[in-house]
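Residue strings, one per chain:
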Amino acid sequence: MTLVDGPLLPLAALVWPLLLTGLSALPPVRRHAVRLLPLAPLPGLWLALAGAEGVTTAPDLLLGVTLALQPDGRVLLGMAAVLWCIAGLAAQPMAGRPNAALFAGFWCLTLAGNLGVFLARDVATFYVAFAAVSLTSWFLIVHDRTPEAFRAGRVYIIIAILGEVALLLGLILGAQRAGGIAIADVAATIGSPAAGLLVIGLGIKAGLVPLHVWLPLAHPAAPVPGSAVLSGAIVKAGLMGLLLFLPPAGALGPLLTGLGLAGAFGAALWGLTQANSKAVLAYSTVSQMGLMGMLVAAGGAAREAVPYFAMHHGFAKGALFLLVGVMLISRARWQRALCLAVGAVAAASVAGAPLTGGALAKAAVKQELEPWASTLLSLSSVFTGLVLIWFLIRLARLKPSGTGRGWAARLSLPGLLAALALLAPWALWQDWTGLEPGYPARLETLRDALWPVAIAAVLAPFLARWPLPTRPPGDLLLCLVRPGRPGWRAGPARLLPPAKNARQVRLPAGPLAPSALEAALSRWGNAGSVLLLLIPLIFALLVG
């Protein structure tokens, strides 16, 4: 009997975090379990840097586990491993706190699922990895056990389970049509019903509009290191699925393009109504993931460069989220100024300022884009710049709430991620684009990158001076609320000062109240009825 055939490192990258999960549950280790977090992604990082030739198979696991390192998965694996490692270092102050061992255990489980998505080459392995990253990340969201965290966790888990059902149905239909479970075969023969279900299941994790509503609730509620990996690495699991399964010129392309553009512009605008700095970043992530969804649908060189674009976004967004935690312990004026300077560098890169990593990422995906799509991509940089300037304004208004111990070491972590966001795209430029090294410095390229950022900079003083309406995170969920009862607030209060000029909302009463809907969905009888109604639909799809 052959347990493993092929290189061992891909399997070790997934098994090692699982071993640390079990280790963190042992009584002698439990108090120090958080100390293990920076070690968990190291085999994955080693794999991304060293590479691995060939396919790894484990015939007796699941339906036969198949793992392989391909270029798109490799760059995302490397980004995710670095981000999880640095976020694990940022989580060290949590050591010794209540439930820290539980947090560490589910952190490692989520990490294993996240890395598994980038390596899987059969649908069974992909689904198990995707389910792991979806379901176990709930524990990262609710760790603080605040009312806001539990509310975000309830919304997240309901949406995540619906996404898992859609994903499983889509994979079953795709495997049935392909006559096998190899991802390449399923992707080559996938039909519209299966593709539509996959867009739902994968789009929820990727934060595509209108499936994104969990994301701006979860990010403010989670601890800062959890927010960093949620936005920088975990949402890329959905993006990876879209790249793996959706054909470059499928029937769902126009729909994906429309939803992507709605997210790119709409989420950025809604981010300007947020008082919580982490909620602002969450909407920025929805906006950037919308752009990536549009590029996946575009096909050609733009689609091929999406992992390169996503790598930059992961590093930069991880840096910005970690800066929120650093600002909370920054007491001296010079410390706060330095935090803002690092944040400004990372924000400028995300907006695509000339010669930054973000400018290179956008230049890479613009190859062979239609003129209208290229123009909209440039215009989106104006909105990206505005929402990130608003983030910096909210970051500057955070009041210190920590002791300031280890300030320099904690600032070095987002500083390192910001440096990677600037430099990694330069290091990989020719490998991913095939263009000459001097292309980003051409006058036309510089002009194309400069004007959106310049417009955002001109509009920046108005953001700081004009009172903007303040809304709770959740956007589409606010269809269930109306103006009224004073004092209603969302988001962890410790992360923001009292909002001025906020339009207060109250929850509706009656059968459409969120609490009533939540209670109805929580009752097993009602949930069972919903599942019974789904059975005929599932059967019809399978035999159709």
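Quick caveat: nothing in here was measured; it's all calculated off a predicted structure.

Visitor: Explain the overall build of the protein chain to me, and be specific about the residues and the numbers.
Guide: Within the protein chain, the regular secondary structure consists of 23 helices and four strands. By residue count, 56% of the 544 residues in the protein chain fall in the buried class. Of the contacts formed within the protein chain by residues at least 6 apart in sequence, a portion of 79% connects residues at least 24 apart. Accessible area for the protein chain stands at about 22,000 Å²; split by element, carbon and sulfur atoms hold 69% of it.

Visitor: Just give me the short version of the layout of surface pockets, but keep the residues and values in it.
Guide: Each pocket or cavity is described by its volume, and for the largest pocket that value is around 800 Å³. Where the lining of the largest pocket is concerned, the elements lending two or more residues are α4 (71–90), α11 (224–245), α15 (306–328) and α19 (407–427).

Visitor: So what's going on with a nonpolar patch on the surface? Which residues, and what values?
Guide: Nonpolar side chains collect at one region of the surface, where Leu 379, Trp 451, Ile 455, Val 458, Leu 459, Phe 462 and Trp 466 lie side by side and expose about 650 Å² of accessible area between them. With five residues, the top contributor of residues to the nonpolar patch is helix α21 (residues 443–465). Counting through the fold element by element, Leu 379 comes out in helix α18 (residues 371–396). We classify Leu 379 as partly exposed; its relative accessible area is 34%.

Visitor: Explain the pairing of strand β2 (residues 65–68) residue by residue, including any values.
Guide: Judged from the four bridges that link them, strand β1 (residues 55–58) and β2 form a sheet pairing that is antiparallel. By the bridge assignment, Thr 56 is partnered in β2 with Leu 67. Between β1 and the antiparallel strand that follows it, β2, lie six residues; Leu 62 among them carries a positive phi value of about 50°.

Visitor: With reference to specific residues and values, describe the pattern of salt bridges.
Guide: One pass over the full model with this rule turns up two salt bridges. Its salt-bridge partner being Lys 366, residue Asp 448 comes within 2.6 Å of it at the nearest N-O pair. Placement of the pair is Asp 448 in helix α21 and Lys 366 in the loop between α17 (357–365) and α18, with a sequence separation of 82 residues. Exposure remark for Asp 448: the relative accessible area of 30% places this residue in the partly exposed category. Exposure remark for Lys 366: the relative accessible area of 16% places this residue in the buried category. In this structure, Glu 436 and Arg 442 form a salt bridge, with 2.8 Å as the shortest nitrogen-oxygen distance. For Glu 436, a relative accessible area of 41% gives the class partly exposed.

Visitor: Would you mind going over α4 in detail, with residue names and values included?
Guide: For α4, which comprises 20 residues, the first-to-last C-alpha distance of 29 Å matches the rise-based estimate of 28 Å (1.5 Å per residue) to within 8%. Counting buried residues along α4, 17 of its 20 residues qualify, which places the element largely inside the surrounding structure.

Visitor: Describe the environment of Gly 290, listing the residues and the values that go with them.
Guide: Mapped onto the secondary structure, Gly 290 falls in helix α13 (residues 277–298). Separated by 26 residues in the primary sequence, Gly 290 and Ala 264 place their C-alpha atoms 4.9 Å from one another. Sequence-distant contacts of Gly 290, that is, excluding residues within four places in its chain, are made with Leu 208, Gly 260 and Ala 264.

Visitor: An account of the side chain of Thr 136 is needed here, citing residue identities and associated values.
Guide: Examined against the element boundaries, Thr 136 turns out to sit in helix α6 (residues 123–141). Note on Thr 136: relative accessible area 12%, which makes it buried. Apart from residues no more than four positions distant in its own chain, Thr 136 is found in contact with Phe 106, Leu 109, Thr 110 and Ala 131.

Visitor: I'd love a proper account of the nonpolar core, names of residues and values included.
Guide: Ranked by internal contacts, the top residues of the largest apolar core, which has 168 residues, are Trp 107, Phe 126, Trp 214 and Phe 245. Here the element with the most residues in this core is α15; it accounts for 16 residues. Excluding its chain neighbours within four sequence positions, the residues that come into contact with Phe 126 are Val 117, Ala 120, Leu 167, Leu 171, Ile 183, Leu 202, Gly 241, Leu 244 and Phe 245.

Visitor: Please give an account of the packing of aromatic side chains that cites residues and values.
Guide: This model, assessed by the stated rule, comprises eleven aromatic pairs. Ring geometry for Trp 84 against Trp 107: centres 4.9 Å apart, planes inclined by 80°, an arrangement best described as edge-to-face. You can see Trp 84 sitting in helix α4 and its partner Trp 107 sitting in helix α5 (residues 100–119), a full 23 residues away along the chain. Considered together, Trp 84 and Trp 107 belong to a single accessibility category, that of buried residues.

Visitor: Lay out the packing of helix α1 (residues 9–24) against helix α3 (residues 42–50) in plain terms, naming residues and giving numbers.
Guide: Helix-helix packing is characterised by the crossing angle of the two axes and by the distance between the axes. At a minimum axis separation of 7 Å, α1 and α3 run at an interaxial angle of 155°. Comparing the axis directions of α1 and α3 gives the class roughly antiparallel. The element α1 and its partner α3 pack so that their crossing is left-handed. Of the residues in α3, those touching α1 at Leu 9, Pro 10, Ala 12, Ala 13 and Trp 16 are Pro 43, Gly 44, Trp 46 and Leu 47. Here the contact of α1 with α3 is composed, by residue class, of eight nonpolar, one polar and no charged.

Visitor: Give me α6: which residues, what numbers.
Guide: Across its 19 residues, α6 extends 27 Å between first and last C-alpha, which sits within 8% of the 27 Å expected from 1.5 Å per residue. Two to three positions downstream of the cap, the backbone nitrogen of Ala 124 sits 3.2 Å from a side-chain oxygen, assigning the N-cap of α6 to Asp 122.

Visitor: Residues and numbers for the side chain of Thr 433, please.
Guide: In this fold, Thr 433 is placed in helix α20 (residues 429–433). Here Trp 429 takes part through its backbone oxygen, which lies 2.7 Å from a polar atom of the side chain of Thr 433. For Thr 433, the side chain forms a polar contact with the main-chain nitrogen of Leu 435, separated by 3.1 Å. In this structure Thr 433 touches Ala 364 and Gln 367, once residues within four positions along its chain are discounted.

Visitor: Would you mind going over the confidence of the model for the protein chain in detail, with residue names and values included?
Guide: Here the protein chain averages 84 in pLDDT, and 86% of its residues register 70 or above. Every residue in residues 481–544 is under pLDDT 50, and counting partners more than four places away or in other chains gives 81 contacts.

Visitor: Help me get a handle on unusual backbone geometry, residues and values and all.
Guide: Residue Pro 210 follows Val 209 across a cis peptide bond; omega there is 5°. Along the polypeptide, Pro 210 turns up in the loop between α9 (192–206) and α10 (214–221). Even without being a glycine, Asn 99 presents a positive backbone phi close to 65°. Note on placement: Asn 99 falls in the loop between α4 and α5. Here Asn 99 falls in the partly exposed class, since its relative accessible area comes to 34%. Backbone geometry at Leu 355 places phi at a positive 70°, although glycine is not the residue there. By secondary structure assignment, the location of Leu 355 is in the loop between α16 (333–351) and α17. Note on Leu 355: relative accessible area 43%, which makes it partly exposed.

Scoring rules and cut-offs
Counting from 1, residues in each chain are numbered in the order their sequence is written. Reporting in this predicted model follows two pLDDT cut-offs: at least 70 for local features of residues, and 80 or more for side-chain atom pairs to be given and counted; totals over whole chains, interfaces and linings ignore these cut-offs and use all residues. Excluding hydrogens and water, the side-chain values take into account all heavy atoms of the structure. Comment: elements are numbered from the N terminus, with helices defined as DSSP H or I runs of at least four residues and strands as E runs of at least two. Relative accessibility under 20% of the residue-type maximum defines a buried residue, over 50% an exposed one, and the middle range a partly exposed one, all with a 1.4 Å probe and only protein chains included. Here a residue-residue contact requires only that any non-hydrogen atoms of the pair lie within 4.5 Å. Here the Shrake-Rupley method, with its probe set to 1.4 Å, supplies the accessible areas, and only the displayed protein chains count as covering residues. Within this scheme a cavity is a closed region of a 1 Å grid, computed over the protein atoms alone, that accommodates a 1.4 Å probe without allowing it to escape, whereas a pocket is open but has protein on both sides within 12 Å along at least five of seven lines; lining residues each have an atom within 4 Å of a point. Grid points are joined across faces, edges and corners, and a volume is the space filled by probe spheres set on the points. What goes into a patch is any residue over 30% in relative accessible area without a salt bridge, connected to like charges within 9 Å or, for nonpolar side chains (Val, Leu, Ile, Met, Phe, Trp, Tyr), within 5 Å. Think of a salt bridge as a Lys or Arg side-chain nitrogen and an Asp or Glu carboxyl oxygen that are within 4 Å of each other. Two strands qualify as a pair provided that DSSP identifies no fewer than 2 bridges between them. In a helix, the anticipated span is given by 1.5 Å times the number of residues less one. Joining through side-chain atoms within 4.5 Å is the link that ties buried Ala, Val, Leu, Ile, Met, Phe, Trp, Tyr and Cys residues into a set, and such a set is a nonpolar core. Each aromatic pair joins two rings of Phe, Tyr and Trp (for Trp, the six-membered one) with centres within 6.5 Å, and gets the label stacked for planes under 30 degrees apart, edge-to-face for over 60, and tilted for any other angle. For every element, the axis is a line fit to its C-alpha atoms; helices are fit only across the contacting stretch, and the angle between N-to-C directions ranges from 0 to 180 degrees. What sets the label is the angle itself: under 35 degrees gives roughly parallel, over 145 gives roughly antiparallel, 65 to 115 gives roughly perpendicular, and the rest give oblique. Each crossing is labelled by how the near helix is turned from the far one, with a counterclockwise turn of less than a right angle marking it left-handed and a clockwise turn marking it right-handed. Each residue gets one label: Ala, Val, Leu, Ile, Met, Phe, Trp, Tyr, Cys and Pro are nonpolar, Asp, Glu, Lys and Arg are charged, and the others, such as Gly, are polar. Contacts described as polar in this section are N or O atom pairs within 3.5 Å, which, within protein, must combine one atom able to donate a hydrogen with one able to accept it, while residues neighboring in sequence count only if both atoms come from side chains. By definition, pLDDT measures how confident the predictor is in each residue, and it falls between 0 and 100.

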